[in-house]
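Letter by letter, the chains look like this.
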Amino acid sequence: MSRLTAATRRDIEVQSYPLILFVLVPLLALGLQSFVSLHFTHFDILDLPLLVTIYFAISRRNPMVGTVAGAVIGIAQDALTRQPLGIFGICKSIIGYLAASLGVRVDTENHGTRALLTFGFVFLHSGMYWLLVRRLLAQPYAWSWVHESIRSVVNTVVGVLLFALLDLAKQKEY
Amino acid sequence: MESFLSRYKNALVLILVLLLQVIGVAIQVRRPLPKEHAQPDAGGVRLIRYWAISLVSPPERFVHWLGASILGVWDNYIDLIHVRQENKDLQAEMRRLRIQEGAIAEDARQGQRLQELLSFKEKYIYKTLPAQIIGTSGIEQSRILSIDKGAKDGVAVDMPVITPNGIVGRVREVFPHTSQVLEITDPTSGAGVILATTRIRGILRGNALGQPQVVGVMPDDRIKPGEAVVTSGGDQIFPRGLAVGYVDHIVVDPEHDPLVDVVIRPAANLSQLEEVLVITNMGDEITPRQKLDMIQSEAVASAEQLKASEILAEKLPSRIDPDNPDSDTGSNDKVMSEDSAVANPMRPPPALHPDRFSPNTTPPASSLIPGARLAPQSDGVVTVARPRPAIPATTNGTTATAAQKKGTDLAPGEHSRPPATTQARPAAQNAAAGVIQPHLPATTQPHPAATVNAGHGSENGHTFARPLPSTNGQNRTEAATPAKPKTIVVVDGPLPGGVKKPAPTFAPKTPSGTAPAQHAPGTQPQHPASHKGPELVPDDGSRPPPSMLKPKPQSTAPAQPHGGRP
């Protein structure tokens, strides 16, 4: 348990990235999500914008940045769908805020921690999305525990790999 | 206060962001406007969506272009086996299909006109726009496709999107260079469909699993898996008759228990779409290309019809007269040259063993004599000519003139007909006018092209009857030939009132069948003393009197009906 908490200075250091990365990575995530799903039907089980939101939130460890980043990425993702703008924005704003808040308290450099956080956030994201679609929009949306579990696991695996890839571009600040 | 804001600034920012987004969502999902004022998105939302798509579309287009370029290099430079032959085949197929398209378009226009007459509007596909799919929504819950054609390409909201295999969806949002297509598998989509076999109508929607289904269908045992589903055209978006898919299975509607949902297997492979067609025109307009195709198809059809008629005319045996092939052919050619639209009269081929029932063996009606016996008595058939109203002398000139005039007005092809028809018309016209007169037989003309002048006895070797005024007010026709044996004439119904056995004059047929002596114009032929008028017998349906059953060997040809043609 001690390995999962940010007990050292190294664990709580704020990581910075090139500014262009904050723009290109979400755009690339949205583009890949949109394009790859065209040729691989089951690719839509992934949620690359959500993984990018989680990564930047836990890396920056700033709830405000996480909230705004989640809102912007979520609204951009909403723009590609038929649903009103803000559904994914609300979900990802909350995820960004929670991820940044937890990033201050836990060791986000650990892959196990990242996996647990990602699994929980993906599941939470699905729950919030279901709640908004069913209750706020009153639209049909089937909830399946099995499907959501599989979805969370897949996103967790891909997220851990993606986070490790993005770590190569970070610039440490002390 | 400042410490509160600084202490909870993160939470306050979160609340503020959430609040703004909730308000934004609430604005977007407010009650929809009427259809004429409705827009898929409000202006601000549309702008944000446009920004997002403008940001996402370039990398999508780039990746798509990259993949297409690689495939193009392979297809255009490497995999070119049998391309030339295939190109030739396809061009030939294209020409044939263009001709068919013109004919089909004409049929469609005709059907549309008929439907307009029935006040039923149905949309036809007149113009499509091919588009490449460059992206999707990327999530399971929203079945949205992005295509590379937008408003500047002519795409508009609610245009149907199809593939050759079946329908895909409809255009939901249009941007200058891209558009969003709502698939039929989306839960918010809707399309009017009909089951092809059972003719059950319904609304097609997507379910939570991304499968299209016909919702709210009454349970019916006739619905079987594999039944085709097509668009019904009732949604005013999709044209009627487009393939939708096939029945996969039936599930009970959980929200409407007695009803069932028919899950459809889409005809178009919606998971592997790359190119689609946007139907951009379903109105009454036709393109110049279609007009040209229609003209070409009509020209081809006319040429084929003319060619077929010529081939048929050449193969017809009656086209050539065996007795005088040159004259007949020449006349037919003349007819064809004067007006190719006038069809030649069709004649049956000559019989190998002609008898009296064979065509062309009966004499023309003009050569028949009313009351003359044409069938031998031994046959047991009594065939007598029925009396027809004769042409009165006072009107004969005009009638004959009319007949002559009418003869000149006839179509060229009718000159080749026997003149009996032409000359029987005045009598028939008089009969139609209610003139009850004894029948004046038609002239006896061996040659069908004889010229007839009313009031003249005979001319050019032809003998014909000539009406003369009678002293008792009855029209009396003087025969040009000596009278022959007694003739019995059966009249329709009872005899006319006041007329007791009128004695019309006939031109009895000679045993040889040829015309007797000619008369000079204006001269009265001499009646033989032995001539008596025919005996008029009312045709009351009873058997003819026994006197009619006497044999008449000199007449062998059967009688022709009134005004009949040989």
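Here, residues in each chain are numbered from 1, in the same order as that chain's written sequence. All chains are assigned letters beginning with A, and all ligands numbers beginning with 1, in the order in which they are written. With pLDDT at 70 or above as the cut-off, local features in this predicted model cover only qualifying residues; side-chain atom pairs require 80 or more to be listed or tallied, and sums for whole chains, interfaces and linings still use all residues.

### A word on the overall build of chain A
Where we set the bar: What counts as a helix is a DSSP run of H or I of at least four residues, what counts as a strand is a run of E of at least two, and both are numbered from the N terminus. Residue burial here comes from a neighbour count, namely the number of other C-beta atoms, placed from the backbone, that lie within 10 Å of the residue's own C-beta, with 20 or more meaning buried, 12 or fewer meaning exposed, and in between meaning partly exposed. Note on contacts: residues are paired as contacts if their backbone-placed C-beta atoms lie within 7 Å.
Along chain A, the regular secondary structure elements total six helices and two strands. Starting at the N terminus and walking to the C terminus, you meet the elements of chain A as β-α-α-α-α-α-α-β. Counting across all 174 residues of chain A, residues that qualify as buried make up 49%. The long-range fraction of contacts in chain A, counting pairs at least 24 apart against all pairs at least 6 apart in sequence, stands at 70%.

### Brief notes about the overall build of chain B
Along chain B, the regular secondary structure elements total eight helices and 18 strands. Relative to its full complement of 566 residues, chain B shows a buried share of 31%.

### A short note on the interface of chain A and chain B
What counts is decided by this rule: As a working rule, the residues Ala, Val, Leu, Ile, Met, Phe, Trp, Tyr, Cys and Pro are called nonpolar, Asp, Glu, Lys and Arg charged, and the rest polar, with Gly in that last group.
Taken together, the contact pairs 39 residues of chain A with 41 residues of chain B. Those elements that provide at least two residues to the side of chain A that touches chain B are helix H1 (19-39), helix H3 (63-79), helix H4 (87-105) and helix H5 (111-136) of chain A. The leading source of residues in the side of chain A that touches chain B is H1(A), at nine residues. Of the residues belonging to the side of chain A that touches chain B, the class tally is 25 nonpolar, twelve polar and two charged.

### Looking at the sheet that holds strand S6 (residues 191-195) of chain B
All names here are of chain B. We apply this condition: Criterion used throughout: strands pair if DSSP finds at least two bridges between them. Here an axis means a line fitted to C-alpha atoms, over the contact stretch when the element is a helix, while the angle between two N-to-C directions is reported on a 0 to 180 degree scale.
Pairing in this closed barrel of six strands is antiparallel, and the strands run S6-S7-S8-S11-S10-S9 around the ring. Put simply, the sheet's adjacent strands are angled 45 degrees from each other on average, direction ignored. Relative to strand S7 (residues 201-206), S6 is paired through four bridges, and the arrangement is antiparallel. Bridged to Val193 within S7 is Gly202.

### A look at the confidence of the model for chain A
Residues and elements named next belong to chain A. Inclusion rule: As a per-residue measure, pLDDT reflects the predictor's confidence and takes values from 0 up to 100.
Per-residue pLDDT for chain A averages 84, and the proportion of residues at 70 or more is 89%. Of all helices and strands in chain A, the one with the weakest mean pLDDT is strand S2 (residues 171-172) (61), whereas helix H6 (residues 145-167) scores best (92). For residues 1-7, every residue scores under 50 in pLDDT, and the model assigns this stretch 15 contacts once sequence neighbours within four places are set aside.

### A short note on the nonpolar core
Stated precisely, the cut-off is as follows: Put simply, a nonpolar core is a cluster of buried Ala, Val, Leu, Ile, Met, Phe, Trp, Tyr and Cys residues tied together by C-beta atoms within 7 Å.
Counting residues in hydrophobic clusters, the biggest one holds 89 residues, and the most contacted among them are A:Ile54, A:Ala99, B:Ile167, B:Val168 and B:Val276. In terms of residue count, the dominant contributor to this core is H4(A) (eleven residues). Apart from the residues lying within four places of it in its own chain, the contact partners of B:Val276 are B:Ala131, B:Ile133, B:Ile147, B:Val161, B:Ile162, B:Thr163 and B:Val168.

### Brief notes about the environment of B:Ile139
Residue position: B:Ile139 is located in the loop between strand S1 (127-136) and strand S2 (144-147). Classification of B:Ile139 by C-beta neighbours within 10 Å gives buried; the count is 23. If we skip the residues at most four places from it in the chain, B:Ile139 touches A:Asp44 and A:Thr81.

### A look at the packing of helix H2 (residues 48-60) of chain A against H6(A)
Helix packing for two helices is described by the angle between their axes and how far apart those axes are. Residue and element names in this part refer to chain A. Put simply, the rule reads: Any angle from 65 to 115 degrees is called roughly perpendicular, while one under 35 is roughly parallel, one over 145 is roughly antiparallel, and all others are oblique. Note: crossing handedness is left-handed where the near helix turns anticlockwise from the far helix by less than a right angle, and right-handed where it turns clockwise.
Close contact between H2 and H6 brings their axes to 10 Å; oriented N to C, the two are set at 50 degrees. Classified by the angle their axes make, H2 and H6 are oblique. Seen from above, H2 lies across H6 with right-handed handedness. Of H6, the residues touching H2 (which contributes Leu51, Ile54 and Tyr55) are Asn155, Val158, Gly159, Leu162, Phe163 and Leu166. Grouping the constituent residues of the contact of H2 with H6 by class yields seven nonpolar, two polar and no charged.

### Structural notes on H5(A)
Residues and elements named next belong to chain A. Defined as follows: One less than the number of residues in a helix, times 1.5 Å, gives the span that helix is expected to have.
Along its 26 residues, H5 runs 35 Å from first to last C-alpha, staying within 8% of the 38 Å computed at 1.5 Å per residue. Every buried residue of H5 is listed here: Thr113, Arg114, Leu117, Thr118, Phe121, Val122, His125, Ser126, Tyr129 and Leu132. Taken from the residues just after H5, Ala138 is the one with a positive phi, measuring 55 degrees.

### Describing the confidence of the model for chain B
Residues and elements named next belong to chain B. Residues of chain B with pLDDT of at least 70 account for 51%, and the chain-wide mean is 67. Scored below 50 in pLDDT, residues 327-341 makes 13 contacts in the model with residues more than four places away or belonging to other chains. What the predictor reports for the complex is a pTM of 0.51 with an ipTM of 0.82.

### Examining the sheet that holds strand S5 (residues 179-183) of chain B
Within the closed barrel, the six strands sit side by side as S1-S2-S5-S4-S3-S12 (chain B). Their pairing is antiparallel. With direction set aside, neighbouring strand axes in the sheet form an average angle of 45 degrees. Across six bridges, S1(B) lies against strand S12 (residues 275-281) of chain B in antiparallel orientation. Bridging from a neighbouring strand, B:Ala131 pairs with B:Val276 of S12(B). Here H1(A) sits on the sheet and contacts S1 and S2 of chain B; the angle it forms with S1(B), its principal contact strand, is near 115 degrees.

### Re H4(A)
For H4(A), spanning 19 residues, the distance from its first C-alpha to its last is 28 Å, which sits close to the expected 27 Å at 1.5 Å a residue. For H4(A), a buried count of 17 out of 19 residues is recorded, marking the element as mostly surrounded by other parts of the structure.

### Let's talk about the pairing of S5(B)
The side chains of a regular strand alternate, residue by residue, between the two faces of the sheet. Residues and elements named next belong to chain B. In terms of burial, S5 is largely enclosed, as five of its five residues are buried. Burial along S5 is two-sided: Ser179, Val181 and Glu183 and Gln180 and Leu182, pointing in opposite directions, are all buried. By the bridge criterion, five bridges tie strand S4 (residues 167-174) to S5 in an arrangement that is antiparallel. Residue Val171 lies in a different strand from S5, and its bridge partner there is Val181. In this structure, the hairpin formed by S4 and S5 is closed by a connection of four residues.

### Points about unusual backbone geometry
Residue and element names in this part refer to chain A. The phi angle at Arg61 is positive, at roughly 55 degrees, despite the residue not being glycine. Along the chain, Arg61 falls in the loop between H2 and H3. Look at Arg61 and you get buried, because 21 C-beta atoms sit within 10 Å.

### Overview of the packing of H3(A) against helix H2 (residues 9-28) of chain B
At a closest axis distance of 8 Å, the pairing of H3(A) and H2(B) adopts a crossing angle of 15 degrees. One element, H3(A), and the other, H2(B), form an angle in the roughly parallel class. For the crossing formed where H3(A) meets H2(B), the hand is right-handed. Of the residues in H2(B), those touching H3(A) at A:Pro63, A:Met64, A:Thr67, A:Val68 and A:Ala71 are B:Lys9, B:Asn10, B:Val13, B:Leu14, B:Val17 and B:Gln21. Here the contact of H3(A) with H2(B) is composed, by residue class, of seven nonpolar, three polar and one charged.

### Details of the pairing of S1(B)
Sheet topology note: the S1(B)/S2(B) ladder contains three bridges and is antiparallel. Residue B:Thr136 lies in a different strand from S2(B), and its bridge partner there is B:Leu145.

### Overview of the environment of B:Val229
All names here are of chain B. Topologically, Val229 is positioned in strand S9 (residues 228-231). With 27 C-beta atoms counted inside 10 Å, the residue Val229 sits in the buried group. Between the C-alpha atoms of Val229 and Thr197, which are 32 residues apart in sequence, the distance is 8.5 Å. Residues contacting Val229, with those up to four places away along its chain left out, are Val193, Leu195, Ala196, Val214, Val244, Gly245, Tyr246, Val247 and Ile264.

### Regarding the environment of B:Val244
Residues and elements named next belong to chain B. If you trace the backbone, Val244 turns up in strand S10 (residues 243-252). Along the backbone, Val244 and Val168 are 76 residues apart, and their C-alpha atoms lie at a distance of 8.3 Å. The residues touching Val244, leaving out its near neighbours within four places in the chain, are Gly166, Ile167, Val193, Leu204, Val229, Val230, Thr231, Ile264 and Ala267.

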